Amino acid sequence: MEISCIIIDDEPIALDLIKRYVLRTPGLNLINEFSSGIDAISFLKDNDVDLIFTDIRMPELSGMEMAQILDQKPINKKPRIVFTTAYDTYALEGYSVDALDYLLKPFSFVDFNRVVLKAEKYLHLKENYNNTKEQPQNPIINNQSPIVEDPYLYIKVEYQLVKILKDDILYIEAMKDYVKIYTEKENKPILTLSTLKNLEEKLNQYDFLRIHRSYIVALNKITSVKKNSVQIGRVEISVIDNYRDAYNNFFNRWK
């Protein structure tokens, strides 16, 4: 698998080192290099790449700000980002923009290669997912098998990165700039600074369904269904029109 990439760093020495690492790595295709985040964003408006290696502290536009801009792209067009920085204070913030990984300068070729292998694994899963989308989309009706994925959801909770087993999730509720994740094992919901859309992209469509602008439900945790709502334990969640088609496909299986 060939991985297209670009490099962004305002320090010439760092830019040259990462470039040499890229050129030494089979499967990486260096498309371009930039010393400015603004120039990189301009390039990415008309060009798609798989992977971006970028510094964080840069003038005019930081790597973190650039990641936030790129987060608006459709998921099938959005490149994965690897932050390369001399500062270890950005690790948690990097997870908030769904960075693939974080390389702390100075890093070795071994560290660099570890990240590339992680990117290959991600892109392979993404390719499999895109192939399944070419088939009929409702897995409940068509008995499709889901692709292999990480069984855990990784979220930022205060100053920690928390790992949640997806199979423990009951439902997820949006609360302005936060979401609450309700699980079987926790008495209280887990609160994280995120959007429902961001979490929806990390969950398998075969296991979870969004039925409301503020709710995602775990399909295997639904205890009963009605025409306009689902029941999970003692909690009843309404279905709204924007998500009616997907819900109707599921509801018809319960009749």
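The coordinates are above.
This structure is a prediction, so every number in the text was calculated from the model and none was measured. Along each chain, the written sequence defines residue order, and numbers are assigned to residues from 1. Thresholds applied to this predicted model are a pLDDT of at least 70 for local features of residues and 80 or more for the giving and counting of side-chain atom pairs; totals over whole chains, interfaces and linings are not thresholded and use all residues. The side-chain values count all of the structure's non-hydrogen atoms but skip hydrogen atoms and water molecules.

### A short note on the sheet that holds strand S13 (residues 224-225)
Backbone hydrogen bonds hold the strands of a sheet together, and the pairing may be parallel or antiparallel.
Phase 1 of the analysis: Think of it this way: DSSP has to see at least two bridges between two strands before they count as a pair. Under the scheme used here, helices are H or I runs from DSSP no shorter than 4 residues and strands are E runs no shorter than 2 residues, and both carry numbers assigned from the N terminus. Strand order in the open sheet formed by three strands is S13-S14-S15, with antiparallel pairing between adjacent strands. The sheet terminates laterally at S13 and strand S15 (235-238), the two strands that pair on one side only.
Phase 2 of the analysis: Of the strand pairs in this sheet, S13 and strand S14 (residues 229-232) are connected by two bridges, and their pairing is antiparallel. Residue Ser224 lies in a different strand from S14, and its bridge partner there is Gln231.

### Thoughts on the pattern of salt bridges
Phase 1 of the analysis: Salt bridge, as used here: a side-chain nitrogen of Lys or Arg that lies within 4 Å of a carboxyl oxygen of Asp or Glu. Tallied over the full model, the rule gives 12 salt bridges.
Phase 2 of the analysis: Across the pair Arg114 and Asp101 runs a salt bridge, and its minimum N-O distance is 3.0 Å. Of this pair, Arg114 sits in helix H5 (residues 109-133) while Asp101 is found in strand S5 (residues 101-104), placing the two residues 13 residues apart along the sequence.
Phase 3 of the analysis: In this scheme, a residue with accessible area under 20% of its type's maximum is buried, one over 50% is exposed, and one in between is partly exposed, where area comes from a 1.4 Å probe on protein chains only. The exposure class assigned to Asp101 is buried, which follows from its relative accessible area of 13%.
Phase 4 of the analysis: Where Asp167 meets Lys221, a salt bridge forms, and the shortest distance between an N and an O atom there is 3.8 Å. You can see Asp167 sitting in the loop between strand S7 (160-165) and strand S8 (169-175) and its partner Lys221 sitting in the loop between strand S12 (215-218) and S13, a full 54 residues away along the chain.
Phase 5 of the analysis: Residue class for Lys221 comes out buried when judged on its relative accessible area of 11%.
Phase 6 of the analysis: What you see here is one network of salt bridges that share partners, running through Asp9, Asp55 and Lys105.

### Structural notes on the pairing of S8
Phase 1 of the analysis: In terms of burial, S8 is a largely internal element, six of the seven residues being buried.
Phase 2 of the analysis: Note: S8 against strand S9 (residues 178-183), six bridges, orientation antiparallel. Bridge pairing links Met175 to Tyr178 in S9.
Phase 3 of the analysis: Counting the residues that bridge the hairpin from S8 to S9 gives two residues, and of these Lys176 lies at a positive phi of roughly 55°.
Phase 4 of the analysis: Direction of pairing for S8 relative to S12: antiparallel, over a ladder of three bridges. Looking across to S12, one finds that Glu173 is bridged to Tyr215.

### Let's talk about the sheet that holds S5
Phase 1 of the analysis: Spatial ordering of the open sheet is given by S2-S1-S3-S4-S5, a layout of five strands whose pairing is parallel. The sheet is open, and its two edges are formed by strand S2 (28-34) and S5, each paired on a single side. Averaged over all pairs of adjacent strands, the angle between strand axes in this sheet comes to 20°, irrespective of strand direction. All axes are obtained by fitting lines to C-alpha atoms, using only the stretch in contact for helices, and the reported angles, taken between N-to-C directions, cover 0 to 180 degrees.

### Notes on the side chain of Ser36
Phase 1 of the analysis: Mapped onto the elements of the fold, Ser36 is located in the loop between S2 and helix H2 (37-44).
Phase 2 of the analysis: Any N or O atom pair separated by 3.5 Å or less is treated as a polar contact, with the protein-specific requirement of one donor-capable and one acceptor-capable atom, and with residues adjacent in sequence counted only for side-chain atom pairs. Within polar-contact distance, the side chain of Ser36 engages the backbone nitrogen of Asp39 at 3.3 Å.

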